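Survey of secondary and tertiary structure
Spelled out, the chains give:
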Amino acid sequence: MAEVRDAEFLNLHDVEACARDVLDPATFAFLAGGAGDEVTLRRNRAAFERCRLVPRVLVDVGAATTATTVLGRPAAMPVVVAPMGIQRAVHPEGECATARAAAAGGTTLCLSNISTCAPADVAAAGGPWWQQLYSWRDHGLTRGVVEQAEACGAEAIVLTVDSGVVPRRERALRAGFAFPDTLEVPVCGGRTPADLHVQVDVTLSWSTFERIAGLTRLPLVLKGILSPADAALACEHGVAGIVVSNHGGRQLDGTPAPLEVLAAVVEAVAGRAEVLLDSGVRRGTDVLAALALGARAVMVGRPVIYALAAAGEAGVARVLELLRAEIEQGLTLLGCTSPDDVGQEHVLIGATW
Ligand SMILES: Cc1cc2nc3c(=O)[nH]c(=O)nc-3n(C[C@H](O)[C@H](O)[C@H](O)COP(=O)(O)O)c2cc1C
Ligand SMILES: CC(C)CC(=O)C(=O)O
């Protein structure tokens with residue numbers, strides 16, 4: 001596996017340009033785009049840019065480590081690879097290459113329900129992995145995904161709850177994105193994301209949740225929560241985790257950035273479940289901001305699939321190592337020796353505490 005050097009990308013922003021260079025414009029538009037006017041897509045970054053980190057000084061940080069646990073499992077850093085479908089549309093090794101890089105980096109992979117590699121092949125990478133799940137109109141399909149994930153060693157089921165329909169993502173539509181003809185896309189009756197999403201169960205409710213919970217003994221995580229009221233309900237229904245997420249700005253345009261609602265969600269959860277956050281995480285300092293507001297970890301999406309497109313497994317490994325090194329440096333400068341040390345005293349969202 002060739003190593004990726006600084007000349008290729010120095011940070012997670014650079015990797016987007018590398019992907020743009022190697023991908024056809026329609027595929028790049030599909031990855032990069034958001035819903036509607038992309039207000040939420042921009043807001044995700046703006047929220048991190050508004051957030052201020054307040055270091056404590058004269059703290060001995062000689063032994064700072066990024067190591068932590070997520071859902072009780074040791075992790076090299078408080079980062080999980082977000083579920084992203086059809087990765088073989090950008091690289092022939094697809095999710096398997098991503099899984100190998102995540103395993104080597106000590107990071108959990110959340111495998112999309114629309115993976116173009118088989119769960120057994122992803123599991124062969126040897127690292128911890130979670131299975132993302134859509135609730136399908138065809139209940140047998142939903143059950144089959146859960147059973148296969150359990151049989152292949154998934155450590156959690158992550159039910160996505162913000163995707164009853166797929167909105168018009170105009171960047172991808174304008175560019176004429178369709179799944180490559182050569183690619184077999186699971187569950188899909190046609191060749192576009194919209195063809196796929198019509199199979200998703202728009203009637204998903206808490207009773208659907210109970211049915212799905214009854215299918216598995218694995219910890220359940222809900223992905224796509226923004227309301228503290230929903231977070232509280234999720235805890236009453238016994239979830240192990242919540243991902244505060246607006247799907248990277250790809251679902252309902254106009255929603256707040258997850259960072260803006262995180263503290264209120266954490267308060268509603270009151271320690272009953274672990275809270276993760278995704279959408280717009282691009283820097284180690286973004287991870288620290290999320291930790292300071294009460295997240296256990298973050299998920300990172302697009303930079304991983306951009307890196308896969310640009311440089312395969314080595315690219316993903318590089319992105320994860322860049323992020324880990326940035327988190328380590330940030331912890332040190334913030335006056336923290338581990339992710340557990342980061343707290344409210346280290347962050348300002350408004351002008352004052
Ligand atoms: C190309 C692409 C495919 C995605 N596929 C899925 C998916 O299959 N299931 C899911 O729950 N989320 C999916 N997502 C959303 C991500 O899991 C995650 O919420 C989002 O990308 C986080 O924002 P970020 O890209 O700004 O890091 C996808 C996102 C992208 C960019
Ligand atoms: C595989 C895709 C259709 C999924 C997607 O675009 C998304 O969930 O944002």
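Above this text sits the structure in question.
The structure contained in this document is the topic of the report that follows. (Residues numbered from 1 in each chain as written. Chains lettered and ligands numbered in written order. Predicted model: local features only at pLDDT ≥ 70, side-chain atom pairs only at ≥ 80, totals over all residues. Heavy atoms only, no water.)

**Considering the overall build of the chain**
Looking only at helices and strands, the chain features 13 helices and 12 strands. Computed over the C-alpha atoms, the radius of gyration of the chain is 19 Å, within 12% of the 20 Å expected from 2.2 N^0.38 for a compact globule of 353 residues. Counting only C-alpha atoms and orienting by the principal axes, one finds that the chain spans roughly 60 × 50 × 40 Å. When burial is assessed residue by residue, the chain has 55% of its 353 residues classed as buried. Across the chain, the fraction of contacts at a sequence separation of at least 24, relative to all contacts at a separation of at least 6, is 71%. (Helix = DSSP H or I, 4+ residues; strand = E, 2+ residues; numbered from the N terminus. Rg over C-alpha atoms; globule rule 2.2 N^0.38 Å. Buried < 20%, exposed > 50% of the residue type's maximum accessible area, 1.4 Å probe, protein only. Contact = heavy atoms within 4.5 Å.)

**Some details on the site of ligand 1**
Taken together, 21 residues lie around ligand 1, and Pro 83, Ser 112, Thr 160, Asp 278 and Arg 282 are the ones closest in. Here Lys 223 contributes a side-chain N or O atom positioned 3.0 Å from a nitrogen atom of ligand 1. Side-chain polar atom of Arg 282 to an oxygen atom of ligand 1: 2.8 Å apart, as the coordinates give it. Coverage of ligand 1 by the protein chains reaches 97% of its 600 Å² of free accessible surface. Looking at the shell around ligand 1 residue by residue, the class counts come to six nonpolar, 10 polar and five charged. (Near = heavy atom within 4 Å. Polar contact = N/O pair within 3.5 Å; in protein donor to acceptor, adjacent residues only side chain to side chain. Areas by Shrake-Rupley, 256 points an atom, 1.4 Å probe, with all protein chains shown as cover. Nonpolar A, V, L, I, M, F, W, Y, C, P; charged D, E, K, R; others polar.)

**Comments concerning the sheet that holds strand E4 (residues 79-81)**
Taken in spatial order, the eight strands line up as E4-E5-E6-E7-E8-E9-E10-E11 and close into a barrel, and their pairing is parallel. Across this sheet, the average inter-strand angle for adjacent strands is 30°, counted without regard to direction. Examined bridge by bridge, strand E5 (residues 108-111) and strand E6 (residues 129-133) share three bridges and lie parallel to one another. Residue pairing in the sheet places Cys 110 in a bridge with Trp 130 of E6. Seen against the sheet, helix H6 (residues 139-151) touches E6 and strand E7 (157-160) and runs at an angle of roughly 180° to E6. In this fold helix H11 (residues 258-269) packs onto strand E9 (241-244) and strand E10 (274-277), with an angle of close to 175° to the strand it touches most, E10. (Pairing = 2+ DSSP bridges. Axes fitted to C-alpha atoms, helices over the stretch in contact; angles between N-to-C directions.)

**Looking at the nonpolar core**
Core analysis: the largest hydrophobic core is formed by 101 residues, its most contacted members being Ile 86, Ile 242 and Leu 262. Every residue in contact with Ile 86, bar those within four places of it in the chain, is listed here: Phe 30, Glu 95, Ile 114, Thr 116, Phe 177, Phe 179, Leu 183 and Val 185. (Core = buried A, V, L, I, M, F, W, Y, C linked by side-chain atoms within 4.5 Å.)

**Some remarks on the packing of aromatic side chains**
Evaluated as defined, the whole model comprises five aromatic pairs. For the pair Phe 30 and Phe 177, a centre-to-centre distance of 4.3 Å together with 0° between the ring planes defines the contact as stacked. Taken together, the positions of Phe 30 in helix H2 (residues 25-32) and Phe 177 in the loop between helix H7 (170-175) and helix H8 (193-197) put the pair 147 residues apart, joining distant regions of the chain. Each member of the pair, Phe 30 together with Phe 177, is buried. Arranged with centres 5.8 Å apart and planes meeting at 85°, the rings of Phe 177 and Phe 179 form a pair that is edge-to-face. Taking the relative accessible area as the measure of exposure, Phe 179 reaches 3% and is therefore buried. Linked through ring pairs, Phe 30, Phe 177 and Phe 179 together constitute an aromatic cluster. (Phe/Tyr/Trp six-rings, centres within 6.5 Å; stacked < 30°, edge-to-face > 60°.)

**Description of helix H4 (residues 94-104)**
Residues spaced three or four apart along an α-helix point in a common direction, a consequence of the helix completing one turn every 3.6 residues. Counting buried residues in H4 gives eight out of 11 residues, a clear majority hidden from the surface. Of all the residues in H4, the buried ones are Gly 94, Glu 95, Cys 96, Ala 97, Thr 98, Ala 99, Ala 101 and Ala 102. Along its buried surface, H4 packs onto E4, E5, helix H5 (119-123) and helix H13 (302-334). Two residues or fewer after H4 comes Gly 106, characterised by a positive phi angle close to 70°.

**Observations regarding the site of ligand 2**
Every residue lining ligand 2 is accounted for by Phe 30, Gly 85, Ile 114, Tyr 134, Arg 169, Pro 193, Leu 196, His 247 and Arg 250. Within the side chain of Tyr 134, a nitrogen or oxygen atom sits 3.3 Å from an oxygen atom of ligand 2. In the model, an oxygen atom of ligand 2 is placed 2.8 Å from a nitrogen or oxygen of the Arg 169 side chain. Taking 280 Å² as the accessible area of ligand 2 by itself, protein coverage stands at 92%.

**Concerning unusual backbone geometry**
Positive phi, normally seen in glycine, also occurs at Glu 38, with a value near 60°. Mapping Glu 38 onto the fold places it in the loop between H2 and helix H3 (39-50). Classification of Glu 38 by relative accessible area gives buried; the value is 13%. For Ala 270, which is not a glycine, the phi torsion comes out positive at approximately 50°. For Ala 270, a relative accessible area of 55% puts it in the exposed group.

**A look at the packing of helix H12 (residues 284-292) against H13**
For any two helices packed against each other, one specifies the crossing angle of their axes together with the interaxial distance. Here H12 crosses H13 at 60°, and the two axes come no closer than 7 Å. Between H12 and H13, the interaxial angle falls into the category oblique. In this structure, H12 meets H13 at a crossing whose hand is right-handed. On the side of H12, the interface is formed by Gly 284, Val 287 and Leu 288, while H13 contributes Leu 323, Glu 326, Ile 327, Gly 330, Leu 331 and Leu 334. Looking at the contact of H12 with H13 residue by residue, the class counts come to six nonpolar, two polar and one charged. (Parallel < 35°, antiparallel > 145°, perpendicular 65-115°, else oblique. Left-handed = near helix turned anticlockwise from the far one by under 90°.)

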